[in-house]
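Okay, here's what each chain looks like letter by letter:
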Amino acid sequence: MPVFAAIPGANPLPRAMALMLLSSMCFVAMHGVVGRITQELHPFEAAFFRNLFGFIVLLPALIQARFRPFLTTKLHLHGIRGLANGTSMLLFFTGLSITPLAEVTALSYAAPLFATIGAVIVLREQIRMRRIIALAVGFVGMLIVLRPGFSSMGVGPLLVLASTVLWAVSMIDIKILARTDSSLTIATYMLVFIMPISFVAALFHWQTPTLHQLVWLFALGALGSGGQLLFTEAMRLADTSILMPLDFTKLIFASLLGYFAFGQVPDLWTWVGGTIIFASTVYISYREHQLAKARILAEAPAK
């Protein structure tokens, strides 16, 4: 991130787009490492080390900030997010270990759909016909990927879908926390709460990692935390509605990595369903952005 920030006279938008692409690459690479390391270690243990090493990667930023990110008045909300995110990660890593990368990526695009429904229920946000139609289209895309009744639905995709629902709960929590807490505070407390959750789960399947495996596990933590920081910085520099289309590159990167690293070839329905889900989430994000701008203009004092 400092490299992009140091470009003299650089427009924030190209920097934000570059950071978004790098973030997508980090997350897909992290998923690839999960697929690789879970061939030798249990997914729960991989999740624990992802959080442990992810926290170590964040330590320099915490030290530089003199640990001020630990100051919060919303500890209970961080706890709720930690529980939801921790359970989601355990389900996701398990599903990812037995599901093709491209299919996992396509299903993960559904998180904003569930988050929109949750925001209506929990935050009492209004939803109009356009977004209702977009939600319906997104769920049709999910059915195309899963194809219930036409192909045997494995446990893996169902675990990924369940983790996506819990991740949507986490997204709603983040919406509330972002009003008062910094991105570093939110990321730090996520790891603080998830580490003990994933450690307890890992204890039931513990296998002491070799040095070679620890290298993979460190890469897992570094890619996860790095991807989060890059994503947060990109969102700070540009609007969500502009950056969201670039998130589709995850499906492209995941397909390439799945093919060259694991010999996985995504079928046509994964591409069709993933594209439909993604298009609906982009539209929902665009509508939310437009409505937020309209609210700000309506509340602005007349000159």
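It should be emphasised that the depicted structure is a prediction, and the values quoted were computed from it without experimental measurement.

Mind showing me how you'd approach the packing of aromatic side chains here?
Aromatic ring pairs: the centre-centre distance and the angle between the two ring planes describe each pair. All told, the structure shown has 16 aromatic pairs when counted by the stated rule. With a centroid separation of 5.1 Å and 65° between ring planes, the pair formed by Phe48 and Phe49 is classed as edge-to-face. A single burial state applies to Phe48 and to Phe49, both of which are buried. Ring pairing ties together the aromatic residues Phe48, Phe49, Phe53, Phe199, Trp206 and Phe218, which thus form one cluster.

Explain a nonpolar patch on the surface here, please?
There is a patch of nonpolar side chains on the surface, built from Phe199, Val200, Leu203, Phe204 and Trp206 and spanning about 530 Å² of accessible area. One can find Trp206 in the loop between helix H9 (183-203) and helix H10 (211-237).

It is not clear to me how the nonpolar core should be interpreted in this structure. Could you clarify?
One broad rule of soluble globular proteins: the nonpolar side chains tend to lie buried together. Counting residues in hydrophobic clusters, the biggest one holds 55 residues, and the most contacted among them are Phe93, Leu217, Leu220 and Ile277. Setting aside its immediate chain neighbours within four residues, Leu220 contacts Met30, Val33, Val34, Ala46, Arg50 and Phe93. Counting residues in hydrophobic clusters, the runner-up holds 10 residues, among them Ala16, Leu237, Ala238 and Leu246.

Rules used throughout
Residue numbering note: each chain is counted from 1, following its sequence as written. The predicted nature of this model means local features are confined to residues of pLDDT at least 70 and side-chain atom pairs, given and counted, to a pLDDT of 80 or more, with totals for whole chains, interfaces and linings taken over all residues. Note that water and hydrogens are dropped before the side-chain values are worked out from all heavy atoms of the structure. The aromatic pairing rule takes the rings of Phe, Tyr and Trp, using the six-membered ring of Trp, and pairs them if the centres are within 6.5 Å, calling planes under 30 degrees apart stacked, those over 60 edge-to-face and the rest tilted. Relative accessibility under 20% of the residue-type maximum defines a buried residue, over 50% an exposed one, and the middle range a partly exposed one, all with a 1.4 Å probe and only protein chains included. Like-charged residues are merged into a patch within 9 Å and nonpolar side chains (Val, Leu, Ile, Met, Phe, Trp, Tyr) within 5 Å, provided each residue has over 30% relative accessible area and no salt bridge. To measure how exposed things are, a 1.4 Å probe is used in the Shrake-Rupley method; for residues, cover is taken only from the protein chains shown. When a carboxyl oxygen of Asp or Glu lies within 4 Å of a side-chain nitrogen of Lys or Arg, that pair is called a salt bridge. The secondary structure listing takes helices from DSSP runs of H or I that are at least 4 residues long and strands from runs of E that are at least 2 residues long, numbered from the N terminus. Among the buried residues, those of types Ala, Val, Leu, Ile, Met, Phe, Trp, Tyr and Cys that are joined through side-chain atoms within 4.5 Å form a nonpolar core. Throughout, a contact is declared for two residues whenever any of their heavy atoms are within 4.5 Å.

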